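Observations on the model geometry
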Amino acid sequence: MDGGEDFGPWLSRQLKRARKTQTELAESVGVTRAAVSAWITGRATPRDETIRKIADALGTDLGTIHSRTTDTLVGRPVTWCHRPAYADGGRDFGNAAAFAFEADVGVLAREATQNSLDERLTENGQPVRVRYTLEELTGENLARFREAIQWDELFPHYEAAAAQDQKVGRVIAAGLHEMYTRDRLVLLRVDDYNASGLTGDDYDTGRFAAVVRRQLDSHKSASSAGGSYGLGKATLWATSRLGLVIINSTLSEPHEGRTERRLIGRLDLPWRKVDGKPWAGPAWFGQPDPDVGDEDVARSWWAGEETVERLHLTRESNEPGTSFLIVGAHDVASLADPASAEGDGSEDDDSVHRMHKRLVQALERNFWAAMTTGGNRQPLLEASVRTLRNGMEIVEEERVDPRATQPSRTRALQAFLEGATVERLTESGQVAMTTVPLNVPGREGRRSGGEHRAVLLVTKADDEDALPHNTVAMMRGNRMTVRAKLVPNLGLGTDPFQAVLLAGRAAGDDAPFADEAEAFLRASEPPEHDKWGQTEELRMQYSPSAYRRIGHLAREANNAVRELVAVPKEKQRGGTERLRKRLAVGGNRPARPSATAGLPVLDELDAQVGADGAWRVTAEVKVPRGGEAWHLVPVAKLDVRSGPRPVVAWLELAAIHNCELVDGVLHFTPGARTAVFSGVTDVSSHPVRAALTGLVVELRTNKGDKA
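The notes below deal with the structure included here.

Another aspect to go through is empty space enclosed by the protein. On inspection of all chains with the given rule, the structure shows 3 cavities of 30 Å³ or more. Surrounding the second largest cavity, 11 residues form its lining, Glu-178, Leu-185, Val-186, Arg-241 and Gly-328 being those nearest its centre. Put simply, the parts of the chain that give the lining of the second largest cavity at least two residues each are helix H9 (167-182), strand E3 (184-193), strand E4 (240-250) and strand E10 (321-329). Of the residues contributing to the lining of the second largest cavity, the split by class is 5 nonpolar, 2 polar and 4 charged.

Rendered as structure tokens:
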């Protein structure tokens, strides 16, 4: 039998929609129940004359049964199902996850594109393609779209929500006012191709349920994934003034025997009363599920091409991926951007022209590395933005090209991918490469996760760079820029440069301990994924002091950059002499630094609570020139929530590198610049269990002064 979906799963779903049993269908068609069971399990197929009877029983035509590309119209139609209010009287006045981010299309582009990167299908080696489409609807086009989303059924809920004097209610009221007074609605669609799609059951664990049903569920399995909190998807709803997103997904693996045009809508509103009945907040646009008791619960449905077109969700191909349609998109954060205020003043905060520009800029800024290719490697990402008005293109589709705005960084990464780097910069256009250490801390009782060598790239800055010079852009496996920081303390006369730090899997397939570094850095990122530092996740998985390894990585990277861009001494002398002739230097000569300026300092501390309840630490000490003459005493204190920090005794102290311990006093090897020692605290001296505290280690002189 020809058709899109296998006959058995299709027939089973139609019976559920019609609320018919296999026995009832058998009686209507004039066959045994065993025959119907055989059709559904795929052990047999009905004859042509039987198919006509099945069509009559289901109230459909022969074409629908033969094609099986859509469901029959039997049963309950697609509609909105609202979640009833909580029986205990609890009220939610908005989705808390949405408040983690600004209503900013730049933030949306970062979070949504990161999710697409995480869902890229890697088997074919092709990039994930992401396209942002802004569309302004007015007049008849707006009226037809409202009819398609069953606006008349939704309006009483919007009216009740907008009447409430709280934040979400005011945002909704502004969205309704905009649409009705200006007869205008902005749609923002995010499409990705060569991605997984929303696979899995409507309710069980899987991609679909993680996005549509659940909060704080990231469902990310790869350690190189950007997302880890499950908050990023909330930016889709946060960008909608109406709290409404409709989804069309093409699946990379079949569900119910089908892959194309799986649709669902989700509405996030605050608690409200409509016609005297209270509602909890969210609602879903779908097929009422006949298997869920008395309450109306909407599940996804397989839509026809006409329905998808009316909802402005037609995809350009049958390639796997998902389309998210944000209804009533706005960009409040752009009002704080001075650059976006330039012009004739006629554009408001929801100008599609302004939003188009900001989307392109956000994609360039955050994903230039993912869009860079080199050697025989494809880019990880291709991205574009286009803008329409009532179906007509008003801003031509713009493919984001990082080479236009970030030529220096792009050149650096391309040289690395092609194996065309050098050790030192001797001429313009070259890219210097070195590695810097990241000592990954151990987890699950292991003392060390290994020394990872992150890749550092440096090249001369081009005048076309649309970003500050003398910065280090840092990233890991998914190649999204996590942070970009200026390099401090550069020498006089340093030429402008750009630097790139590739850590984790971004450092290459043969980088040592890449997976361990990837997991460590991922745990150090906040929900915005815009920095590496202390997080609760890092503290729980590793140790309270693990974040210091990141600071050490940054310092090592800055030191390596300064070395690579250092001005030759002969050039320095010439420059200094020219500067001396232009400046008059007077006054007293500066005093020499005091002896305390040469004290060794504690630079790194790895501390974990052992099975016996003792703190086990490994400490690295930075020894300045002349500092080896100092003799210092390590002191351990418990970091309690209130009151003074109690000092605890050492059960064991051991010298590991460039030092020795004499009666508990550290003596440093002459000429050493770093030293390492370890220690175990005496549990009997702990006034509080170590698991309830942090640990502070100080270095003191024999006189009791802090080093």
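Moving on, we get to the nonpolar core. Core analysis: the largest hydrophobic core is formed by 43 residues, its most contacted members being Tyr-132, Leu-188, Val-212, Leu-359, Leu-363 and Leu-381. Ranked by residues supplied to this core, first place goes to helix H13 (residues 352-367) with 7 residues. With residues near it in sequence (within four places) discarded, Leu-363 still touches Ala-109, Thr-113, Tyr-132, Trp-368, Met-371, Ala-383, Val-385 and Val-400. Within the second largest apolar cluster, 32 residues are counted, among which are Phe-145, Leu-242, Phe-285 and Leu-325.

A separate point is the sheet that holds strand E16 (residues 483-486). Pairing within the open sheet is mixed, and its 5 strands lie in the order E13-E14-E17-E15-E16. What marks the edges here is a single partner per strand, and that holds for strand E13 (431-441) and E16. Neighbour-to-neighbour, the strand axes of this sheet turn through a mean angle of 20°, independent of strand direction. Both strand E15 (residues 471-475) and E16 contribute to a ladder of 4 bridges, which runs antiparallel. What sits directly across from Val-472, in E16, is Lys-485. Set on the sheet, helix H15 (residues 407-418) makes contact with E13, strand E14 (448-460), E15, E16 and strand E17 (497-502); between it and E14 the angle comes to about 125°. Contacting E13 and E14, helix H16 (residues 514-523) crosses the sheet at an angle of about 75° to E13.

Let us look at the pairing of strand E20 (residues 631-639). Where E20 and strand E24 (residues 665-668) come together, 2 bridges link them in antiparallel fashion. By the bridge assignment, His-631 is partnered in E24 with His-667. Across 8 bridges, E20 lies against strand E26 (residues 694-701) in antiparallel orientation. Following the sheet pairing, Leu-638 is matched in E26 by Leu-695. Pairing of E20 with strand E21 (residues 647-648), which is carried by 2 bridges, proceeds in the antiparallel orientation. Paired with Lys-637 across the two strands is Val-647, which belongs to E21.

Attention shifts here to helix H7 (residues 139-148). Residues of H7 that are buried: Leu-142, Phe-145, Arg-146 and Ala-148. Down the axis of H7, the sector holding all buried residues measures 155°, keeping them to one side. Residues of H7 that are exposed and point over 90 degrees away from its buried face: Glu-140 and Glu-147. Positive phi appears at Gln-150, one or two residues downstream of H7, with a value of about 60°.

A separate point is the side chain of Arg-110. Positionally, Arg-110 belongs in helix H6 (residues 105-118). One buried charged residue, Arg-110, forms no salt bridge at all, with the nearest opposite charge on Glu-111 at 4.6 Å. The contact partners of Arg-110, leaving out residues within four places of it in the chain, are Asn-366, Phe-367, Met-480, Thr-481, Val-482, Glu-528, His-529 and Asp-530.

Attention now moves to helix H3 (residues 33-41). Listing the buried residues of H3 in full gives Val-36, Ser-37, Ala-38, Trp-39 and Ile-40. Contacts made by the buried residues of H3 are with helix H1 (7-18), helix H2 (22-29) and helix H4 (48-58). A positive phi of about 85° marks Gly-42, the residue just after H3.

Another point: the pairing of strand E11 (residues 381-389). In summary, the side chains of a regular strand alternate between the two faces of the sheet. With 7 of 9 residues buried, E11 lies mostly within the body of the structure. Strand direction decides the pairing type here: strand E2 (residues 128-138) and E11, joined by 9 bridges, are parallel. Paired with Val-130 across the bridge in E11 is Ala-383. Linkage of E11 to strand E12 (residues 392-399), two consecutive antiparallel strands, is achieved through a turn of 2 residues, within which Asn-390 is found at a positive phi near 50°.

Phi at Asn-194 is positive, roughly 65°, even though this residue is not glycine. Looking at the element boundaries, Asn-194 is found in the loop between E3 and helix H10 (207-212). A positive phi angle is found at Arg-261, which is not glycine, with a value near 60°.

Here we come to the pattern of salt bridges. Counted by the stated rule, this structure contains 33 salt bridges. The residue Arg-262 makes a salt bridge to Asp-202 at a minimum N-O spacing of 2.9 Å. Separated by 60 residues along the polypeptide, Arg-262 in strand E5 (residues 262-268) and Asp-202 in the loop between E3 and H10 bring together distant segments of the chain. One salt bridge connects Arg-616 with Asp-612, and the closest N-O pair in it is separated by 3.0 Å. Residue Arg-616 is classed as partly exposed on the basis of its relative accessible area of 42%. Note on Asp-612: relative accessible area 43%, which makes it partly exposed. By sharing partners, the salt bridges in this structure join Arg-129, Arg-131, Glu-316, Glu-319 and Glu-397 into a single network.

Right, let's get into the sheet that holds strand E25 (residues 674-681). With antiparallel pairing, 4 strands are arranged side by side in an open sheet as E18-E19-E25-E22. Where the open sheet ends on each side, the last strands, each with one partner, are strand E18 (601-609) and strand E22 (650-657). Neighbour-to-neighbour, the strand axes of this sheet turn through a mean angle of 20°, independent of strand direction. As defined by bridge partners, E22 adjoins E25 across 6 bridges and the pair is classed as antiparallel. Bridging across to E25, Ala-655 finds its partner in Phe-677.

The rules behind these values
- Along each chain, numbering runs from 1 in the same order as the chain's sequence is written.
- Selection of residues for local features in this predicted model requires a pLDDT of at least 70, selection of side-chain atom pairs for listing and counting requires 80 or more, and totals for whole chains, interfaces and linings are taken over all residues.
- Working from all heavy atoms in the structure, the side-chain values ignore hydrogens and water.
- Points on a 1 Å grid, built from protein atoms alone, make a cavity when a 1.4 Å probe fits but cannot get out and make a pocket when they are open with protein on both sides within 12 Å along at least 5 of 7 lines; residues with an atom within 4 Å of a point are the lining residues.
- Grid points are joined across faces, edges and corners, and a volume is the space filled by probe spheres set on the points.
- Under the scheme used here, helices are H or I runs from DSSP no shorter than 4 residues and strands are E runs no shorter than 2 residues, and both carry numbers assigned from the N terminus.
- Classes in brief: Ala, Val, Leu, Ile, Met, Phe, Trp, Tyr, Cys and Pro nonpolar; Asp, Glu, Lys and Arg charged; the others, Gly included, polar.
- The nonpolar core is taken to be a set of buried Ala, Val, Leu, Ile, Met, Phe, Trp, Tyr and Cys residues, with the residues joined through side-chain atoms within 4.5 Å.
- Burial here depends on accessible area, computed with a 1.4 Å probe over protein chains only, as a share of the maximum for the residue type. Under 20% is buried, over 50% is exposed, and the range in between is partly exposed.
- Contacts were defined at the residue level, with two residues in contact if any of their heavy atoms lie within 4.5 Å.
- Here, strands pair whenever DSSP counts at least two bridges between them.
- The axes are straight lines fitted to the C-alpha atoms, using for helices just the contacting stretch, and the angles between their N-to-C directions are given from 0 to 180°.
- Taken from the helix axis, the directions to the C-beta atoms give the arc we talk about.
- Charge assignment in this entry is limited to Lys and Arg as positive and Asp and Glu as negative, and neither His nor the chain termini are counted.
- What counts as a salt bridge is simple: a side-chain nitrogen of Lys or Arg found within 4 Å of a carboxyl oxygen of Asp or Glu.

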